[in-house]
Each structure stands twice: as structure tokens, then as C-alpha cells.
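# Topology and contacts: notes
This is what each chain is made of:
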Amino acid sequence: MRTAKGVDSVGKQASDNGLGALTAGEKRLIALESLQWCAVNAVYFLGLIGAATYELGGNAFLVAAITLVRNLCNSLANAASGPVIDRIGPRKTALATLYAMLAMSIFMGIVPPSVPTLMFAAVMMGLGGGSINTCTRTYPVYLTRGKAGLARLNGLMVFYSNIAYAAGPIAGGVLAGFFPTRVVFLFMAVCLVGAIRVTWDCRETVTPEREGSGKQKDDKLGMVSGVIEGARVTMRTHDLRLIFVSGFLGFFAFGAFDSLESLFYRDVLAVDVVWMGILSAISGFGMAIGSYIFTKIPARKIDIPLLLATLMFVGIGSMIYVGTNILVVAIAGQFINGLAWGFMEPTQAILVQERTPMTHLGRVMGFVRLGLNSAGVIPLAVAPFLAEAFGVQRVLFGASCIIALVGGFSSIMRSGRLRVRRTQVKE
């Protein structure tokens, strides 16, 4: 078993060319990410939001409440899982999470949907999703070396998981067309069994050198102290700070989508619940194509400007997506949106992995994910009231504009700062 202090220390030994075939562990991690996204995406759009909107006839406030609970729990799990990963590794953390999600999915597949059961599912999906996402975003550093290896593995994870991201809602939509909506939770259970199987043999091959010992070490890896430590490392590093702040502001606007998107389908596009799965699948196919193109980019070009540019294009795609009541235009917007996400997801993960000491990666990744997911909490609470005053479509279009502006403005500000720095160096 190899030992490493951080991504930088092992990355020097890898070249940008000549990468060998994927290891068994890397293939299992790709399978884990794909299976969990297939399961979660089918259930979120159809078994959770779809059931609340169509089967229970819920309004924006019910959908917002369910989504708010899920996002809060997701943020909590992001933060809590980071220190756990740094203590016991991503494999054991992922297995414990998957078993809990499996139990929830079986229960929800049996009982009829109601507000209490959907709230319970929202809590469990939030906790499980937050934990598993932090695991899969830290896992690559435990399996491969160097920026080129990280770029390939992260890109392939996003590529295959986005095929699953698209396939999940399609499968869920087919099932919802013939059976009660809760059957998608049983589909989730089948996917999770597969995820548990591949994770069981996905053992870490790189271990970090632990800092400290005894009680001092335990204190550093406690949940509260772990979050504080993750925040400290993130905020004292310029690039990590920029990744966090731009992501927080961009994801802030996505909170409106979480509570209003299903109503946009029902009231603006005037389509039934199956189209929630179809349009989500189109976004997933766009992400798969984007992430495939991403795997062809030289590792040296994966940088902060690329991240900010893709955030801007996510906003532009979202503007097209919700800008009209024409289904064909919405399809085009979803595809563009997905294409940009296919670049943004692996870029963000690689930049955090590369710039964080391995001993702190779980805590930093957990804090970054905490920031991204908690960013949508305030819009979730406000969006229903704004929708009542201005309409669902106008609120979603305004949120899309904010996302595009954050990406564009951050990119301009960073370019200006770099020009000033170069000028000072010349002088």
C-alpha cells in the first residue's frame, strides 16, 4: 500500500501521457458513481418531487418544503462525512451510507406516498446523497496518482454516471407509466444492491500520512472541528476560496429550480410527469457528451478559468431552458445546460483534489459540498413567495441570469487581477 502526503506530492511522478488501463478499483468506483446516480435521479424526479406534484397535487410550498428538508440534510451529511472519510476512508463510509439508503428505498417502495413518508424519504435521501457524493469526490485520490490520472478518472466517472443520470429517469418514467410511482423506490433498491457489491471490493490503494496521534488526532477529525478545519484550509488557499465562493453564488440561484421546476413542467410547459424524466434524461445525455469531451482535454488546461466559463454556460443553458413555454426550446436548453455541467463537475472535483493535502481532503471536500448545497436553502424558502408574486417562469429565468452573471463576472474579475499581478511583476 502506497503512502502519500497529498495530491501534489504524488502527482510529480505522473506524466500527462502514457496512462495505463484503468485498475479494477477505478472501474468499481465508476460503477459505484453510476449506479447511485441512476438510483437517486430516478427517485428524486419521480418518486419524490413527481409524487408530491402529481399524486398529492402539491403546490410550490409543499415541493419547496420537501426539497428544503432534503437540501438541509444533504448539507449536514456533506459536512459530517468529511471527517469520517479522513478517519476511516471513503470505502467504509460509502458502504455504511449505501446500506442505510437501501433500507429506506425498500420501505418507501412498499408504503403509499404521503406527506410524512415523502418527508422521511427526503431526509434519508439528503443524508445519504450528501455522504455518498463527498465519498465519490474524495475516492479518486485514494486510487490514482497525479493530475492526468485524476483528470481521466474524474472525467470517466462523470461520463458514465451521466449516462446513468439519464437512464434513471427514463427507467423511472417507464415504471411510473405502468405502476404506482412508489415502484421507482424498488428500482432504486436494485441499483443500490449493485452499488454495495462493487464498493465492497473497491479498496483504497493510497493512504494519507495521518497528522498527530491520540486525542489530538481524534479532535481534529471530530465533526464540528472537522468542518472548522475544512473551512480554514479552504479559505486560506486562494484557488479553493474562489472555487467555494463562485460555486456558492452560482448554486444559490439553483435553489429556485429545486422548488419550482416541477411546477414549470406542469403549469408552463403543460406536460405530464413522464416529461420530468425525459427532460432530465436529455440533460444527462448532454452531461455525458460534455464529460466525454472533457476526457480529451489536456490536464494542463483544467484550471480555474475553465470552471468559471462552464458556470456561465450553465446559466445561459438554463435561460434557454426556462425562457419560453415551447417544449422544443426547453429540450435544447436542457441539452446545453447538461453539456456545460459535463465540464463543470469534473473540473471542480479535480481542482479541489489537486489543491488540497490528502490528509485534509475529506474535510475540505465536505466543506465545499456543504457550501454548494446549503447555498440553495434561502432560495428554497423565498422562491414560492416570489412565484406567487411574479410567476414560476419569471423567477426561474431570473435565477438563470444570476448563474450566468456569477460565472461571467468572476471570470472577468480573475482576469483583471491576473493582469494587475503581471504588471506589478514587470515593474
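Structural data are supplied above this passage.
How each quantity is defined
Residues numbered from 1 in each chain as written. Predicted model: local features only at pLDDT ≥ 70, side-chain atom pairs only at ≥ 80, totals over all residues. Heavy atoms only, no water. Helix = DSSP H or I, 4+ residues; strand = E, 2+ residues; numbered from the N terminus. Buried < 20%, exposed > 50% of the residue type's maximum accessible area, 1.4 Å probe, protein only. Contact = heavy atoms within 4.5 Å. Areas by Shrake-Rupley, 256 points an atom, 1.4 Å probe, with all protein chains shown as cover. Core = buried A, V, L, I, M, F, W, Y, C linked by side-chain atoms within 4.5 Å. Domains from an automatic or database assignment. Salt bridge = Lys/Arg side-chain N within 4 Å of Asp/Glu carboxyl O. Phe/Tyr/Trp six-rings, centres within 6.5 Å; stacked < 30°, edge-to-face > 60°. Lys NZ or Arg CZ within 6 Å of the ring centre and 35° of its normal. Expected span 1.5 Å × (residues − 1). Polar contact = N/O pair within 3.5 Å; in protein donor to acceptor, adjacent residues only side chain to side chain. Patch = residues over 30% accessible without salt bridge, like charges linked within 9 Å, V, L, I, M, F, W, Y side chains within 5 Å.

## Considering the overall build of the chain
A tally of helices and strands in the chain yields 16 helices and two strands. Here the chain holds 427 residues, and the buried ones make up 58% of them. Sequence separation of at least 24 residues holds for 88% of the intrachain contacts in the chain that already meet a minimum separation of 6. Per element, the accessible surface of the chain, about 16,800 Å² overall, is 67% carbon and sulfur.

## Some words on unusual backbone geometry
Of note, the phi angle at Ala-270 is positive, near 60 degrees, even though the residue is not glycine. By secondary structure assignment, the location of Ala-270 is in the loop between helix H10 (238–268) and helix H11 (274–294).

## Re the nonpolar core
Ranked by internal contacts, the top residues of the largest apolar core, which has 98 residues, are Leu-29, Leu-48, Met-104, Phe-185, Met-188, Leu-260 and Phe-264. Considering each element in turn, this core owes the most residues, 15 residues, to helix H2 (residues 24–55). There are two domains that each give this core at least three residues, and those are domain 1 (23–204) and domain 2 (223–426). Among all residues touching Met-104, those that are not within four sequence positions of it are Phe-120, Ala-121, Met-124, Met-125, Phe-185 and Met-188. Residues Phe-294, Ile-297, Phe-343 and Ile-350 belong to the second largest nonpolar core, which totals seven residues.

## Quick notes on the pattern of salt bridges
Applying the stated criterion to the full structure yields eight salt bridges. Glu-26 is the partner of Arg-152 in a salt bridge, and the nearest nitrogen-oxygen pair spans 3.9 Å. With Arg-152 in helix H6 (residues 146–178) and Glu-26 in helix H2, the pair connects residues that are 126 residues apart, well separated along the chain. Among the salt bridges present, the one from Glu-345 reaches Arg-137, with a minimum N-O distance of 2.7 Å. With a gap of 208 residues between them, Glu-345 in helix H13 (residues 327–355) and Arg-137 in helix H5 (residues 115–138) connect regions that are remote in the sequence. Judged by relative accessible area, which is 19%, Glu-345 ranks as buried. Classification of Arg-137 as buried rests on a relative accessible area of 8%.

## A short note on the packing of aromatic side chains
Evaluation of the coordinates by the stated rule reveals seven aromatic pairs. Look at Phe-107 and Phe-120: their rings are 5.5 Å apart centre to centre, the planes differ by 85 degrees, and that puts the pair in the edge-to-face class. You can see Phe-107 sitting in helix H4 (residues 90–110) and its partner Phe-120 sitting in helix H5, a full 13 residues away along the chain. Residue class for Phe-107 comes out partly exposed when judged on its relative accessible area of 39%. When the centroid spacing of 5.8 Å and the interplanar angle of 75 degrees are considered together, the rings of Phe-264 and Tyr-321 count as edge-to-face. Taken together, the residues span a long stretch of sequence, with Phe-264 in helix H10 and Tyr-321 in helix H12 (residues 304–322) at a distance of 57 residues. Overall, the relative accessible area of 1% leaves Tyr-321 in the buried class. Clustering of aromatic rings is evident, with ring pairs tying together Phe-159, Tyr-160 and Tyr-292. Taking the ring centre of Tyr-44 as reference, the NZ or CZ of Arg-70 above it sits at 4.3 Å. Residue placement shows Arg-91 over the ring face of Trp-200; its charged tip is 5.6 Å from the ring centre.

## Some thoughts on H12
Taking 1.5 Å of rise per residue, the 19 residues of H12 would be expected to cover 27 Å, and the 28 Å separating its terminal C-alpha atoms lies within 8% of that figure. When we look at burial in H12, the residues that qualify are Ile-304, Leu-306, Leu-307, Leu-308, Thr-310, Leu-311, Val-314, Gly-315, Gly-317, Ser-318, Tyr-321 and Val-322. Between the side-chain oxygen of the N-cap and the backbone nitrogen of Leu-306 there are 3.2 Å, and the N-cap of H12 in question is Asp-303.

## Remarks on a nonpolar patch on the surface
Judged by side-chain polarity, Ile-289, Tyr-292, Ile-293, Phe-313, Ile-316, Ile-320, Phe-335 and Ile-336 come together as a nonpolar surface patch covering roughly 630 Å² of accessible area. Within the residue set of the nonpolar patch, elements represented by two or more residues are H11, H12 and H13. Judged by its relative accessible area of 32%, Ile-336 falls in the partly exposed class.

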